[in-house]
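# Architecture at a glance
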Amino acid sequence: MIEDLLEKINKCSIEATSDETRIQQKEQNEQYFTPISIASFMSSMFKEVRKNEINILDPGCGTGNLSAAFIAMVCDWKRKPKVINLELFEIDETLSEKLNKNLSELQKLCGDNGITLNFTTRYEDFIIAGLNKVNECNDLFDYIILNPPYRKLYSESNHKRILMECGIDVPNYYAAFLAISYRLLKAKGQLVVILPRSFCSGTYFKSFREDLITQTKIDRIHIFKSRKDLFYDEVLQETIILSLQKKVQKLNDTILITESLKDDFTETKRTHKRFDNVIFPLDSKKIIRIIHTPDKMIVDQMHSLPCTLSKLGISVSTGPIVDFREKPESLRFEYNLWSFPMIYQENFRQGKIEWPIESEKPGLIVEDDKNYKRLRPSGIYVLVKRMTTKEERKRIVAAVFNNKEYSDQKVGFDNKINYYHIAQGGIDDLNLAKGLCLYLNSSLVDFYFRTFSGSTQVNVADLKAIKYPYKEDLIQIGRLFTELPPQEEIDKIIDNYDFKKAI
Ligand SMILES: C[S@@+](CC[C@H](N)C(=O)[O-])C[C@H]1O[C@@H](n2cnc3c(N)ncnc32)[C@H](O)[C@@H]1O
């Protein structure tokens, strides 16, 4: 009977999202409702408390799937509460009919289990109303369950201003919803949230990560191994579930890290990790590294390398040519005396750049009065793809580009690649470029990248966050090969090479 009710509520949320007349509300408010299977999985992370009365908060509740799944679970507890007070926030009042119907059904279910369910639905903006609640500091909650909206918070916006006034410095809605919510927990209160993994790294989220770990204790992190995205097919971003408690976090607390290999949660990998093995105490960026125990050795190996990129005297930037912003006549298929090579992701071939190639994209660029500042001088560069596909085995794919082989003048780099350079010119030493390319293509670097990024996009900041060997070691490695060897060989070279440590 409980299953039937949850199935009905699930269907109701699917109807609400597929309703053509609601497209505007759906897009504007990011109404991607949590499937009941996931909502139930999230609810299973809450621990039972022995209380006669419990208060639950559901911010951005949609049609109420999360509350429904959790309350159904409470109805199954050994020692049930006598009263549940549920408070829900939703900006879109057009959902009220469906939401009220679902809540009435839940009230019946609770009644059948000897529980009185009192609910209050507030059709208000949670950022404003939630912050008011934080300031009033009353009506705190035992349980909070949420799947927040994701959109960016603009720095000039009223939302950003009122958040900052409360000391909450966050770059988007999901972090704002979460930071407000955990401030509304009672001592030892519990919160479960589903959100993108992007906050685990990235400079924009640094204050948020610091806030999160000072306000709460992380009990569990669940990652979805399958990249078939749960809600957002178009977003190549991993989704995670966090389970938090309003308690003081200690360095020796353990965090349960689970991983479901399929979307039905049947095959889960479980590891317990100390908090200080997830967020390293000396890491000023407080990156949340979701890694399994044996992987710690690899992280240590990477951290023992001596150089930052700036110490090597090398920089990395994103290709400055955005093809659709160029004058159409500047990008060409046919060679003329004034055209230079134009390089895209498509030109990558096993550690090298092949040019020209047969492609739908114009392989030549002609300098004009606008783009001349965006062209780079002829030289040797190491290029890294910015986007990899879900299917590609590795996130970091690097290649050496020796422009001198093609043109002694200039080159255009497309915006979907990153390029390593010295003061916007080439890296003058071919062996240094080859060594850097081999190092970047190693599984060590790829693995390290995955410990802090769940995205298929490789940003310049990510490449700057990696440690590098000394220049002499990179040159030495570069001397070892002519053509980039197969992966196994690359990893053997990196694993067996005796890199000098920092002095
Ligand atoms: C990602 S959906 C999740 C809905 C529901 N929690 C679930 O899991 O099925 C986010 C919900 O937040 C609502 N929302 C968006 N902005 C809001 C705001 N500022 N205040 C309150 N609710 C908001 C949207 O209308 C939408 O229903």
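None of these values were measured; they are calculated from a predicted model.

Right, let's get into the pairing of strand β2 (residues 83-89). Within β2, 5 of the 7 residues are buried, which leaves it mostly tucked inside the rest of the structure. Relative to β2, strand β1 (residues 53-59) runs parallel, the two being bridged by 7 bridges. Within β2, the residue paired with Ile56 across the bridge is Leu86. The β-α-β motif built from β1, the intervening helix α4 (residues 65-74) and the parallel element β2 has right-handed crossover chirality. Crossover connection from β2 via helix α5 (residues 96-112) to parallel strand β3 (residues 116-122): handedness right-handed.

On to the packing of helix α1 (residues 2-18) against α5, then. Contact geometry for α1 and α5: axes closest at 11 Å, N-to-C directions at 175 degrees. Our classification of the angle between α1 and α5 gives roughly antiparallel. Within the contact between the two elements, α1 uses Ile2, Leu5, Lys8, Ile9, Cys12, Glu15 and Ala16 and α5 uses Lys98, Asn102, Glu105, Leu106 and Leu109. Residues of the contact of α1 with α5, tallied by class, amount to 7 nonpolar, 1 polar and 4 charged.

Domains assigned within the protein chain are domain 1 (2-295) and domain 2 (309-495). Summarising the inter-unit geometry, the C-alpha centres of domain 1 and domain 2 are found 40 Å apart.

The immediate surroundings of the ligand are formed by 21 residues, with Gln31, Thr34, Gly60, Glu90 and Phe126 found nearest. For the ligand, a nitrogen atom lies 3.3 Å from a polar atom in the side chain of Asp125. Relative to its unbound accessible area of 590 Å², the ligand is 100% covered by the protein chains. Here the shell around the ligand is built from residues that sort into 10 nonpolar, 6 polar and 5 charged.

The subject of this paragraph is the nonpolar core. Leu178 and Phe199 are the most contacted members of the largest nonpolar core, which totals 49 residues. Per-element accounting of this core gives the leading share, 9 residues, to helix α8 (residues 173-183). When sequence neighbours within four positions are dropped, the list of residues in contact with Phe199 reads Tyr174, Phe205, Phe208, Arg209, Leu212, Ile240, Leu242 and Ile288. In terms of nonpolar packing, the next biggest core, distinct from the first, is built from 45 residues, Cys437, Tyr468, Leu484 and Ile493 among them.

One can find Asp491 in helix α16 (residues 487-496). Contact partners of Asp491, with chain neighbours within four places excluded, come to Ser442 and Ser443.

The next subject is the packing of aromatic side chains. Taken as a whole and assessed by the stated rule, the structure comprises 21 aromatic pairs. Ring geometry for Tyr448 against Phe452: centres 5.6 Å apart, planes inclined by 70 degrees, an arrangement best described as edge-to-face. With Tyr448 and Phe452 both in helix α13 (residues 443-452) and 4 residues apart, this pair spans about one turn of that helix. One exposure class covers both Tyr448 and Phe452, and it is buried. Consider the rings of Phe449 and Phe452, whose centres lie 5.7 Å apart with planes at 75 degrees: the pair is edge-to-face.

Turning to helix α15 (residues 471-479), its buried residues are Asp473, Leu474, Ile475, Ile477 and Gly478. Taken together, the buried residues of α15 touch α11 (309-312), α12 (430-440) and α16.

Counted according to the given criterion, the structure contains 22 salt bridges. Notably, a salt bridge pairs Lys8 with Glu105, separated by 3.0 Å at the nearest N-O pair. Placement of Lys8 in helix α1 and of Glu105 in helix α5 is noted, with a sequence separation of 97 residues between them. Relative accessible area serves as the criterion here: at 45%, Lys8 is assigned to the partly exposed category. Its relative accessible area of 19% is what places Glu105 among the buried residues. Where Glu124 meets Arg122, a salt bridge forms, and the shortest distance between an N and an O atom there is 2.8 Å. Classification of Glu124 as partly exposed rests on a relative accessible area of 33%. Salt bridges sharing common partners tie together Glu87, Arg122, Glu124 and Lys133.

Before going further, it helps to spend a moment on helix α6 (residues 126-136). Within the sequence span of α6, burial applies to Phe126, Ile127, Ala129, Gly130, Leu131, Lys133 and Val134. Packing partners of the buried residues in α6 comprise β1, β2, β3, β4 (141-146), α7 (158-165) and α8. For α6, the capping residue at the N-terminal end is Asp125, with a side-chain oxygen 2.7 Å from the backbone nitrogen of Ile127. Remark: Cys137 follows α6 within two positions and exhibits a positive phi of approximately 60 degrees.

Definitions and cut-offs
Residues numbered from 1 in each chain as written. Predicted model: local features only at pLDDT ≥ 70, side-chain atom pairs only at ≥ 80, totals over all residues. Heavy atoms only, no water. Buried < 20%, exposed > 50% of the residue type's maximum accessible area, 1.4 Å probe, protein only. Helix = DSSP H or I, 4+ residues; strand = E, 2+ residues; numbered from the N terminus. Pairing = 2+ DSSP bridges. Right-handed = clockwise from strand over helix to strand, strands pointing away. Axes fitted to C-alpha atoms, helices over the stretch in contact; angles between N-to-C directions. Parallel < 35°, antiparallel > 145°, perpendicular 65-115°, else oblique. Contact = heavy atoms within 4.5 Å. Nonpolar A, V, L, I, M, F, W, Y, C, P; charged D, E, K, R; others polar. Domains from an automatic or database assignment. Near = heavy atom within 4 Å. Polar contact = N/O pair within 3.5 Å; in protein donor to acceptor, adjacent residues only side chain to side chain. Areas by Shrake-Rupley, 256 points an atom, 1.4 Å probe, with all protein chains shown as cover. Core = buried A, V, L, I, M, F, W, Y, C linked by side-chain atoms within 4.5 Å. Phe/Tyr/Trp six-rings, centres within 6.5 Å; stacked < 30°, edge-to-face > 60°. Salt bridge = Lys/Arg side-chain N within 4 Å of Asp/Glu carboxyl O.

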